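Below are the chains, spelled out letter by letter.
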Amino acid sequence: MQRYNVDENGFYGEYGGAYIPEILHANVENLKNNYRKILEDSQFRQEYHALLRDYVGRPSPLYLAQRLSVRYGCRIYLKREDLNHTGAHKINNTIGQILLARRMGKTRIIAETGAGQHGVATATVCALMGMPCVVYMGATDIARQHPNVEKMKMLGAEVIPVTSGNQTLKDATNEAIRDWCSHPSDTYYIIGSTVGPHPYPDMVARLQSVISEEIRRQLQEKEGRATPDYLIACVGGGSNAAGTIYHFLNEPSVRIVLAEAAGKGVDSGQSAATIQLGRLGIIHGSKTLLMQSDDGQIEEPYSISAGLDYPGIGPLHAHLAKTGRSEVLAITDDEAMAAAFELTKSEGIIPAIESAHALGILKKKTFRPEEVVVICLSGRGDKDMETYTNFLNAEAQSNS
Ligand SMILES: *Cc1c(COP(=O)(O)O)cnc(C)c1O
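Because the structure is predicted, anything quoted here is derived from the model rather than measured.

## Points about the layout of surface pockets
Point 1. Estimates place the volume of the largest pocket at around 1000 Å³.
Point 2. If you go around the largest pocket, you meet 40 residues; those closest to its centre are Arg144, Gln145, Ala306, Lys383 and Asp384.
Point 3. At the level of elements, helix H5 (117-129), helix H6 (139-144), helix H7 (146-154), helix H8 (169-182), helix H15 (353-359) and helix H16 (385-399) are the ones that each hand at least two residues to the lining of the largest pocket.
Point 4. Here the lining of the largest pocket is built from residues that sort into 14 nonpolar, 13 polar and 13 charged.
Point 5. Roughly 220 Å³ of volume is contained in the second largest pocket.
Point 6. Contributing to the lining of the second largest pocket are 13 residues, with Leu39, Arg45, Arg206, Ser209 and Glu213 lying nearest its centre.
Point 7. Of all the secondary structure elements, the ones that give two or more residues to the lining of the second largest pocket are helix H1 (25-40), helix H2 (42-56), helix H9 (200-208) and helix H10 (210-223).
Point 8. If one sorts the elements of the lining of the second largest pocket by residue count, H2 sits on top with four residues.
Point 9. Looking at the lining of the second largest pocket residue by residue, the classes come out as six nonpolar, three polar and four charged.

## Let's talk about unusual backbone geometry
Point 1. Residue Pro59 follows Arg58 across a cis peptide bond; omega there is -5°.
Point 2. Structurally, Pro59 is set in the loop between H2 and strand E3 (62-64).
Point 3. Between His198 and the following residue, Pro199, the backbone shows a cis peptide bond with an omega angle of 15°.
Point 4. By secondary structure assignment, the location of Pro199 is in the loop between strand E8 (187-189) and H9.
Point 5. Even without a glycine there, the phi angle at Gln167 is positive, about 60°.
Point 6. With a relative accessible area of 24%, Gln167 lands in the partly exposed category.

## Overview of empty space enclosed by the protein
In this approach, a probe sized like a water molecule rolls over the atoms, and the result shows the empty space that is left.
Point 1. Scanning all chains against the criterion turns up four cavities of 30 Å³ or more.
Point 2. Of the voids in this model, the largest cavity is the one considered here, and its volume is about 460 Å³.
Point 3. In terms of lining, the largest cavity is formed by 34 residues, of which the most central are Lys90, Gly192, Ser193, Gly237 and Gly307.
Point 4. Those elements that place two or more of their residues in the lining of the largest cavity are strand E5 (108-113), H5 and helix H11 (239-245).
Point 5. Size it by volume and the second largest cavity reaches roughly 60 Å³.
Point 6. What lines the second largest cavity is simply Asn27, Asn30, Leu31, Met104, Lys106, Trp180, Thr187, Tyr188 and Tyr200.
Point 7. Among the elements of the structure, H1 and E8 are those that each provide at least two residues to the lining of the second largest cavity.

Thresholds applied
- Residues numbered from 1 in each chain as written.
- Predicted model: local features only at pLDDT ≥ 70, side-chain atom pairs only at ≥ 80, totals over all residues.
- Heavy atoms only, no water.
- 1 Å grid on protein atoms, 1.4 Å probe; cavity = no way out; pocket = protein on both sides within 12 Å on 5 of 7 lines; lining within 4 Å.
- Points joined across faces, edges and corners; volume = space filled by probe spheres on them.
- Helix = DSSP H or I, 4+ residues; strand = E, 2+ residues; numbered from the N terminus.
- Nonpolar A, V, L, I, M, F, W, Y, C, P; charged D, E, K, R; others polar.
- Buried < 20%, exposed > 50% of the residue type's maximum accessible area, 1.4 Å probe, protein only.

Here you go:
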């Protein structure tokens, strides 16, 4: 049988591994040797699940979207990660990792952030645990994502602007790794998606797998069967998708359809469609598909959604796509925006633009009336109001 889980060397097929500077070797090795023991420890699980329940607000509801279901001729459920504290799925992971950091005796937390969502989720749990927090963020992103920068600061994090390279996520990641190299003994690096050196992709997938654990239970209750016909999610680095599919990977009757960001079009030169355009390379300590120029320079990705414009893709997702376990469709800016307005008007839910990419898949497939479709609504749209408003204004202008 095809294996979808990580192997003992940290690989998913040909993707993954841990390509890190020598100085971090002991740290990553220590994490690798302990993360499963800690994650499976009963006291850890108790603490983690108590916080998920009382602080994050889990389980997140599985909502049968009636009007959307009528429109697409099937039974569409939304997994409401948008209702979590801080507005997205990212907090599931940061809660788990900070508990793990504390277990490992670490006293200082670092993170990198692009759009600022992971930075806010990290600053939040650092405030909760009373731990110092340093967040690296590209200067370009700081200018683009001001509300999140203000939130991180209010939460007590130190936000360090990164002015190398394009001053975006990849550069912030390099700085965070550099910091970790200088403080390997006291510092824990919280990575925000299923990316980075082994064991991070597997660890983050396990922490987010609470999503699919809940989906199984909730579907059993509502539909009398634990498995849906389709699971749909968006992929940036791949953590909300990994969490959504984790407990269904070995059930071939469950079809997995994922949305990556096509930006202005896969062939426009302005996209983040890594699965379609990427070639094998190393980013962030992991061997995976990567958007790169002919001479191996990482290409700056583009998407209207700040959370999806990562030039790589988690190694799990590269492997699932390669083996055909998942189908990955590229959804353009315009398709995602149309899907966001459709959800808003038909269900009264304003989604994050990332999540709207997942909703964009509905128009690309045909469903039968009895089919059960679960879509991960990874986050809420509050953070995106300016983008939505600008988009509507631009449309109004071009129509007048
Ligand atoms: C960060 C983010 C994503 C993308 O990250 P993944 O690791 O691919 O899940 C998707 N949706 C929202 C709301 C986000 O904040």
